[in-house]
Structure formats: structure tokens, C-alpha cells
Amino acid sequence: YLSDELPELKFKIAHGQMSPGELEDIMTAFYEGKFDVLVSTTIIESGLDIPTANTIVIHRADMFGLGQLYQLRGRVGRSKQRAYAYLTTSARKKLTDAAERRLKVMQSLDTLGAGFTLASHDLDIRGAGNLLGEEQSGHVKEVGVELYQHMLEEAVAELREGGVEAEGQWSPQINLGTSVLIPEDYVADLDVRMALYRRLGDVTEPEEINGFGAELVDRFGKMPREVEHLLEIVAIKAVCRKAGIAKIDAGPKGAVISFRNDQFANVAGLVQFMSSSPLDVKLRPDQKVVFRQEWADEKARLRGAKKIAGIIGEIAEKAA
């Protein structure tokens, strides 16, 4: 295209399959202004500082991640000269919802110090790791951001107190395989959603949870299923904290309960419950309690987890 339409321009091509020496020669020549246009892959996205470069055209910008787009755009405008970044998309293909959101975010990041805002948007779009399970990948829609806020606060508190975890600050982990979040189509503003997550992280009592839910309905309308699940998870976590339950992993066949520091306040009462209960419940050698139940859907798992946490909480309260 450049050869046919703009023959007066001098250009070079750079990509990752070139030898290091050849690539270095091209980049040096571009820095020294020996040609006008550099046609390149994403290898230029970081570590390239060319003050004279004032225009970048990103072909098929909808195919890139938000962080990549931000880095690529940062290759221009590195001097006092005004710079331009053009993000192009295909005229024949419809943008995905995520791609459209990324491009809209890029349009809004036009101020200095926009990195934190970018990170917040990126977390909201791509999702964080599965903090409730053992996987290293996942999506924020599966867990919600409130647990992340709690874990961060716990880590900071533990470091400040010399490694001693604050008694009232630990957070149970609840993994029920259900979506728990405040969807974008329910609360559109990212900052408002983050503020709601932070507030929800401090809610513990049933009255506070009900009041929070009533406020959401009053401000944003009827709660979607994901928000209802989120509030139920918060309620279950409050019961787990009182019962000394560190983690609940629940699925279609039942649940596995892990206690905080592998200790329980009323071991005798727990053993008596397991021996007399009509429920199929067993204590594993690793100090985890297994409840075998048929929970076919999300609602059944939520009800079941809340019931189990309540039972164990009552047993813990009877400790001498």
C-alpha cells in the first residue's frame, strides 16, 4: 500500500523473526531519521523511545489487549511535538463487546497518570485470577472484586503487625462455582462498582447485608442473579467467620469444609454431630469435613453451603 499510494515515503519493516543485528540496524536508522515510516509488529510496544515519531497507526486495534494498546500508543508523543494515534478496525467485521469497551477506554485515557485507571478498567474487562480456588487463571465475574480487596487488606495488616494476622480481618474463601459480581449493565460506572465492592467487603451482619441490597434496588433497580448470589456469598462468609471455617468448596456432589489453621473450637461436639447426623458427613485425615449431598444447581449449593455453615457455627458456639 505504501509503495503504491505513497511512493515518495521511505519505509522499513521490522518484526521479531529478524536477526538481532538486522533489527538493531533498522531501529537505529529510524531513530536517526533515515527513513519516514516504520512498519512493525508489536515488538515496538515497550522500550522504544523515538522523540521524532509523532504518528502511529495501529492496524486492527480490536485484536489487541488494553495494556498492549496503551503501550503502543505510548510510542509516540514522547517530546514536545503533538502526536496522533489512530486505532483502526475492520469495516467488514462486527466488533465484539469486549473489543468495543477496550477502544472506548483508550479514547478516555487522555490525561497524565492514567495508568491506574487503565489497570482498573483492564481488571474489570479481562478479570482477575480465580482467588477462590486453586487455579491461577479465572475471571472476576466468577468471584467478584470484594475478596481481592479483603486479601490485600489482610496482607497489609499482617505485614504491619509483624506477620500476625488480625483476628477480625481474615476472610473465608467460598467456592460454589457460581457467578458473583455487580454486572456492568446493572451499574455502568466503574468507579461506582469498585466503591460498592469495597463497601460490601466491610458488611458482616445480616441487617447490613439486607440494607445494602435494599440500597442497590433503590438506586439501580431489581438486582440481577449475579448480585443476589454475591450478597448470599457475603452472608455465608459472615457465618463462616464465626464458625471458624476458612474455606468451603462446593459442587454438584456436596462440599468440603476446611477450618482455619486446621483447628475447631468444639471438636467433641463436631464428632458427636457426625455420628448422629442423618446427613452423609465424614472427617478426612487432613482435618477437612466432607458433606455428600446432591446439589444440581447454583441455588441448591448456596442454600446447602449456608445451612452447613450455620450448623457448624452452632456447634462452635457450644464450645466450653
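Residues numbered from 1 in each chain as written. Predicted model: local features only at pLDDT ≥ 70, side-chain atom pairs only at ≥ 80, totals over all residues. Heavy atoms only, no water.

Chemist: Looking at this model, I keep getting lost on the pairing of strand β1 (residues 11-14). Mind explaining?
Modeler: Regular strands have side chains that alternate between both faces of the sheet. Pairing of β1 with strand β2 (residues 37-40) involves four bridges; the strand directions are parallel. For Phe-11, the partnering residue across the bridge sits in β2 and is Val-37. Considered for its hand, the β-α-β crossover made up of β1, helix α2 (residues 20-31) and β2 is right-handed. (Pairing = 2+ DSSP bridges. Helix = DSSP H or I, 4+ residues; strand = E, 2+ residues; numbered from the N terminus. Right-handed = clockwise from strand over helix to strand, strands pointing away.)

Chemist: Explanation requested: the pairing of strand β8 (residues 280-283) in the structure shown.
Modeler: Where β8 and strand β9 (residues 289-292) come together, four bridges link them in antiparallel fashion. Directly across from Val-281, in β9, lies its bridge partner Phe-291. Where β8 folds back on β9, the antiparallel hairpin that results is connected by five residues, among which Gln-287 adopts a positive phi of roughly 70°.

Chemist: Any chance you could explain the environment of Gln-263 here in plain terms?
Modeler: In this structure, Gln-263 sits in the loop between β7 (254-259) and α11 (267-276). In this structure the C-alpha to C-alpha distance between Gln-263 and Gly-244, which are 19 residues apart in sequence, comes to 8.1 Å.

Chemist: Explain the side chain of Ser-90 here, please?
Modeler: Looking at where Ser-90 falls in the secondary structure, it is placed in the loop between β4 (84-87) and α4 (97-108). On the basis of relative accessible area, Ser-90 is assigned to the buried category, the value being 19%. At a separation of 3.2 Å, a polar atom in the side chain of Ser-90 contacts the main-chain amide nitrogen of Arg-92. Separated by 3.4 Å, the side chain of Ser-90 and the backbone nitrogen of Lys-93 make a polar contact. (Buried < 20%, exposed > 50% of the residue type's maximum accessible area, 1.4 Å probe, protein only. Polar contact = N/O pair within 3.5 Å; in protein donor to acceptor, adjacent residues only side chain to side chain.)

Chemist: I tried to follow α11 on my own but got confused; where do I start?
Modeler: The periodicity of an α-helix, 3.6 residues per turn, causes residues three or four places apart in sequence to face the same way. Within α11, burial applies to Gly-269, Leu-270, Phe-273 and Met-274. Buried residues of α11, seen end-on, are gathered within an arc of 135° and therefore sit on one face of the element. Turned more than 90 degrees off the buried face of α11, the exposed positions are Ala-268, Gln-272, Ser-275 and Ser-276. Elements in contact with the buried residues of α11: β7, β8, β9 and α12 (298-317). (Arc of directions from axis to C-beta. Contact = heavy atoms within 4.5 Å.)

Chemist: Looking at this model, I keep getting lost on the nonpolar core. Mind explaining?
Modeler: One recurring pattern in soluble globular proteins: nonpolar side chains tend to sit buried together. Within the largest apolar cluster, 49 residues are counted, with the highest numbers of intra-cluster contacts made by Leu-176, Ile-245, Ile-248, Ile-257 and Ile-312. If you list the elements that add at least two residues to this core, you get α8 (190-201), α9 (206-220), α10 (225-243), β6 (245-251), β7, α11, β9 and α12. Residue contacts for Ile-245: discarding those within four places in its chain leaves Trp-170, Pro-172, Cys-240, Ile-257, Ser-258, Phe-259, Ala-309 and Ile-312. Judged by nonpolar contacts, the second largest core, of 25 residues, contains Ala-14, Ile-44, Ala-61 and Leu-66. (Core = buried A, V, L, I, M, F, W, Y, C linked by side-chain atoms within 4.5 Å.)

Chemist: What is the right way to look at the packing of aromatic side chains in this model?
Modeler: By convention here, two paired aromatic rings are described through the distance between centres and the angle between planes. Tallied over the entire structure, the rule returns four aromatic pairs. Consider the rings of Phe-273 and Phe-291, whose centres lie 6.4 Å apart with planes at 40°: the pair is tilted. Here Phe-291 lies in strand β9 and Phe-273 lies in helix α11, a separation of 18 residues in the sequence. This pair shows no difference in class: Phe-273 is buried, exactly as Phe-291 is. (Phe/Tyr/Trp six-rings, centres within 6.5 Å; stacked < 30°, edge-to-face > 60°.)

Chemist: Looking at this structure, how should I read the packing of α10 against α12?
Modeler: To characterise two packed helices, one gives the angle between the axes of the helices and the distance between these axes. Running from N to C, α10 and α12 cross one another at 15°; their axes reach a closest spacing of 8 Å. Viewed along their axes, α10 and α12 adopt a mutual orientation that is roughly parallel. For the pair α10 and α12, the sense of crossing is left-handed. Across the interface between the two elements, Arg-225, His-229, Glu-232, Ile-233, Ile-236, Val-239, Cys-240 and Ala-243 of α10 pack against Glu-298, Leu-302, Ala-305, Lys-306, Ala-309, Gly-310, Ile-312, Gly-313 and Ala-316 of α12. Counted by class, the contact of α10 with α12 contains ten nonpolar, three polar and four charged residues. (Axes fitted to C-alpha atoms, helices over the stretch in contact; angles between N-to-C directions. Parallel < 35°, antiparallel > 145°, perpendicular 65-115°, else oblique. Left-handed = near helix turned anticlockwise from the far one by under 90°. Nonpolar A, V, L, I, M, F, W, Y, C, P; charged D, E, K, R; others polar.)

Chemist: For this particular structure, what's the right way to read the confidence of the model for the protein chain?
Modeler: Detail in the predicted coordinates should be disregarded across regions flagged by low pLDDT. The share of residues in the protein chain with pLDDT of 70 or more is 82%, and the mean pLDDT across the chain is 81. Segment residues 130-144 is flagged for pLDDT under 50; beyond a separation of four residues in sequence, or across chains, it makes 44 contacts in the model. (pLDDT = per-residue confidence, 0-100.)

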